[in-house]
Amino acid sequence: MSIVIRSALPADVRGIDALVEPMATAGILLGKDLVSYYEAVQEFLVAVEEGTGRVLGCGALHVMWEDLAEVRTLAVHEDQRGTGLGHRLLDHLLERARELGLQRVFCLTFEVEFFARHGFEVMDEAVDPEVYSQLLRSLDEGIAEFLDLARVKPNTLGNTRMIRQLEPTSA
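Only a predicted model underlies this, so the values are computations on that prediction, with no experimental measurement involved. (Residues numbered from 1 in each chain as written. Predicted model: local features only at pLDDT ≥ 70, side-chain atom pairs only at ≥ 80, totals over all residues. Heavy atoms only, no water.)

1. Quick notes on the sheet that holds strand 7 (residues 160-165)
As a reminder of what qualifies: Two strands form a pair only when DSSP identifies at least two bridges running between them. Helix and strand assignments come from DSSP, with helices taken as H or I runs of at least 4 residues and strands as E runs of at least 2, each series counted from the N terminus. Pairs of residues are marked as contacts when any of their non-hydrogen atoms sit within 4.5 Å. Structural elements are reduced to axes, namely lines fitted to C-alpha atoms, with helices fitted over the stretch in contact, and the angle between N-to-C directions of any two is expressed from 0 to 180 degrees.
The sheet built from seven strands is open, its strands ordered 1-2-3-4-5-7-6 with mixed pairing. Two strands close off the open sheet at either side, each with one partner strand: strand 1 (3-7) and strand 6 (121-122). Looking at chain direction, strand 6 and strand 7 are connected through two bridges and run antiparallel. From the neighbouring strand, Val122 faces strand 7, where its bridge partner is Met162. Of the strands in this sheet, strand 2 (44-49), strand 3 (55-65) and strand 4 (68-76) touch helix 1 (residues 13-25), which is tilted by about 90° from strand 3. Lying on the sheet, helix 3 (residues 85-99) is in contact with strand 1, strand 2, strand 3, strand 4, strand 5 (104-109) and strand 7; it crosses strand 4 at an angle near 160°.

Here it is as C-alpha cells:
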C-alpha cells in the first residue's frame, strides 16, 4: 500500500472526523464539530492511501503568532500505528512551519515521548507580556492552552505542554 501526504481538501473532512472521533471518545484528542474541520481545512495535512483516497492520518498546523504555531489533531489510523506515519506527518508539519518562517511550534499532548523524539521539550517558558496581552484577546482554545489559562484546565488534565525551537530553513 502506498501512502501520500498532501494538503487536506474539503472532501477529506469526513475522513478526518472518522479518524479522530474514536480518539476523542477515548479522551486522547479533543473532538470537534464538522464545521470546525471545514473552517480549518487549509491547516491540515492528510495521509491518504493511494488509489482509494482513504484518510489514514492527519495533522494540522495552526498559526498562533508571528513566530509561533501549534500542532493540532495529529492522528493516525490504528492499523498504521508503529509504521512511522505519525512521524512523517509531524515532519511535514514542522517543515510547513519553517516555510512560514516560524521559530517555535507548540503542542499539548499525552504523547510526550513521541514529541520529544522530534525535539519538543516540556514547556516552561514565559510569554513576553505584550504578546501575552494580545493572545489573551483570542477566543481560540489552543491559545488558552498555550497560555495555560485556568479556564481550559478541566479539558486538558494530564496533557503536557511542549514546545520546539525551529532552525531556519536553508535557502
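Anyway, onward from the coordinates.
2. Quick notes on unusual backbone geometry
Keep this limit in mind: Whether a residue is buried, partly exposed or exposed follows from its accessible area with a 1.4 Å probe, protein chains only, as a fraction of its type maximum: under 20%, in between, or over 50%, in that order.
One non-glycine residue with positive phi stands out, namely Thr73, at about 50°. For Thr73, a relative accessible area of 9% corresponds to the buried category.

3. Some remarks on the environment of Arg81
Among the structural elements, Arg81 can be located in the loop between strand 4 and helix 3. By relative accessible area, which is 48% here, Arg81 ends up partly exposed. Not counting the four nearest positions on each side in its chain, Arg81 is found in contact with Met23 and Val76.

4. Things to note about the pairing of strand 4
Most of strand 4 is tucked away: nine of the nine residues are buried. Of the pairings in the sheet, the one linking strand 3 to strand 4 comprises seven bridges and is antiparallel in character. Note on strand 4: the bridge partner recorded for Ala60 is Arg72. Between strand 3 and strand 4, which pair antiparallel and follow one another directly, the connecting turn spans two residues. Bridge count between strand 4 and strand 5: three bridges; the pairing is parallel. The residue of strand 5 that forms the bridge with Glu70 is Phe106.

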